[in-house]
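What the coordinates show
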Amino acid sequence: MPQTFPPGVSSETFFACADAVAVAAKELAALGWTPATSSNFSMRVDDAHAAITISGRDKGRLGRDDIMLIDLDGQAVGTDARPSAETALHTQVYRRWPDMRVVLHTHSRTQSVASRLFAAQGAVRLEGWELQKAITGFHTHESVLEIPVFPNTQDMAELVERVDAWLGSGKPLHAYLIDGHGIYTWGRDMAETRRHLEALEFLLACELDLRRLSA
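Here goes a summary of the coordinates provided. As the structure is a computational prediction, the values presented were derived from the model and not from experiment. For every chain, the first residue of the written sequence is number 1, and numbering continues from 1 along that sequence. Thresholds applied to this predicted model are a pLDDT of at least 70 for local features of residues and 80 or more for the giving and counting of side-chain atom pairs; totals over whole chains, interfaces and linings are not thresholded and use all residues. Note: side-chain values were computed over all heavy atoms of the structure, leaving out hydrogens and water.

**Some remarks on unusual backbone geometry**
Just so we agree on the cut-off: Numbering goes from the N terminus for both helices and strands, where a helix is a DSSP run of H or I of at least four residues and a strand is a run of E of at least two. Here the term buried applies to any residue with accessible area under 20% of the maximum for its type, exposed to any over 50%, and partly exposed to those in between, with areas from a 1.4 Å probe on protein chains only.
Its identity is not glycine, yet A36 carries a phi of approximately 55 degrees, on the positive side. Position of A36 relative to the elements: it lies in the loop between helix 1 (11–30) and strand 1 (40–46). On the basis of relative accessibility, which here comes to 75%, the residue A36 falls in the exposed class.

Structural data, given as structure tokens:
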């Protein structure tokens, strides 16, 4: 079934979002961060809808037909396609922060290894790195940036609840890792979200190098 649009949803806006997601996915796939059809990407279309990758598609070969419309409860809109199994983690961001417009989730080797290494500690503590300033809200290398690591589970409601609990405790959250899985990060547009993702990939790689060199 081709994508159709409910009243009030602009097809032009949806397709612009779908194209932006497809371009980003192709570039991230070229870096090797989306192996074996893993990862998922989304972009807010309006106050009540988002465009998200359809489950199981090769992220290096996405076109408009590989991206679908959902509401912010994660339900398909105007299509019988199936969204990513982790759609609830995207819509959680959009519901909590109305100014967030993009969510990127990747499975790079660095992210996956870091998620296992720091799982027992529950977070990766980043401090003293100049590139921390690439994360919105951080203005000095002397700041402390904690990236939580949540246990992996197929129960998305449980994972959403864990993320909400972290937020409810007053801790800052710009991204998170899932144990043995990968990273989620977001931003107010694609450029900011890509900046967060690339900076965190670099910072996690530096932390892994330090562990190796000090062993």
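**A look at the sheet that holds strand 7 (residues 175–178)**
Let me state the cut-off plainly: The pairing criterion is simple: DSSP has to find at least two bridges between the two strands. In this description, a line fitted to the C-alpha atoms serves as the axis of each element, helices being fitted only across the stretch in contact, and the angle between N-to-C directions of two axes falls anywhere from 0 to 180 degrees. It only takes one pair of heavy atoms within 4.5 Å for two residues to be counted as in contact.
Read from one edge to the other, the open sheet built from eight strands follows the order 3-2-1-4-8-7-6-5, with strand pairing classed as mixed. Bordering the open sheet on either side are strand 3 (67–71) and strand 5 (123–127), each of which pairs with just one other strand. Mean inter-strand twist for the sheet, computed between neighbouring axes without regard to direction, equals 20 degrees. Across five bridges, the pairing between strand 4 (residues 102–106) and strand 8 (residues 182–187) is antiparallel. Bridge pairing links H105 to Y184 in strand 8. Across the sheet, helix 1 is in contact with strand 1, strand 2 (49–53), strand 3 and strand 4; its angle to strand 1 comes to roughly 160 degrees. Strands in contact with helix 2 (residues 87–96) are strand 1, strand 2, strand 3, strand 4, strand 7 and strand 8; relative to strand 1, the strand with the most contacts, it is inclined by about 40 degrees.

**Notes on the packing of aromatic side chains**
Quick reminder of the rule: The criterion for an aromatic pair is that two Phe, Tyr or Trp rings (for Trp, the six-membered ring) have centres within 6.5 Å, with stacked assigned to planes under 30 degrees apart, edge-to-face to planes over 60 apart and tilted to the rest. Look at NZ for Lys and CZ for Arg. If either is within 6 Å of the ring centre and within 35 degrees of the ring normal, a charge sits over the ring.
Taken as a whole and judged by the stated rule, the model has eight aromatic pairs. Pairing F5 with F15 gives two aromatic rings, centres 5.7 Å apart and planes at 80 degrees, and the pair type is edge-to-face. With a gap of ten residues between them, F5 in the segment before helix 1 and F15 in helix 1 connect regions that are remote in the sequence. Note on F15: relative accessible area 24%, which makes it partly exposed. Here F150 and Y176 contribute two aromatic rings whose centre-to-centre distance is 5.3 Å and whose plane-to-plane angle is 75 degrees, an arrangement assigned as edge-to-face. Highlighted residues: F150 in strand 6 (residues 144–150) and Y176 in strand 7, separated in sequence by 26 residues. Across the pair, exposure class does not vary: F150 and Y176 are buried alike. Taken together through their ring pairs, the aromatic side chains of W97, F150, W166, Y176, Y184 and W186 make up a single cluster. Positioned above the aromatic ring of W166 is the side chain of K171, whose terminal nitrogen or guanidinium carbon lies 4.2 Å from the ring centre.

**A look at the environment of M156**
Inspection of the secondary structure puts M156 in helix 4 (residues 156–168). Looking at M156, the relative accessible area reads 14%, which means it is buried. Residues M156 and G170, spaced 14 residues apart in sequence, show a C-alpha to C-alpha distance of 22 Å. Once residues lying within four places of it in the same chain are set aside, the contact partners of M156 are A85, E86, A88 and L89.

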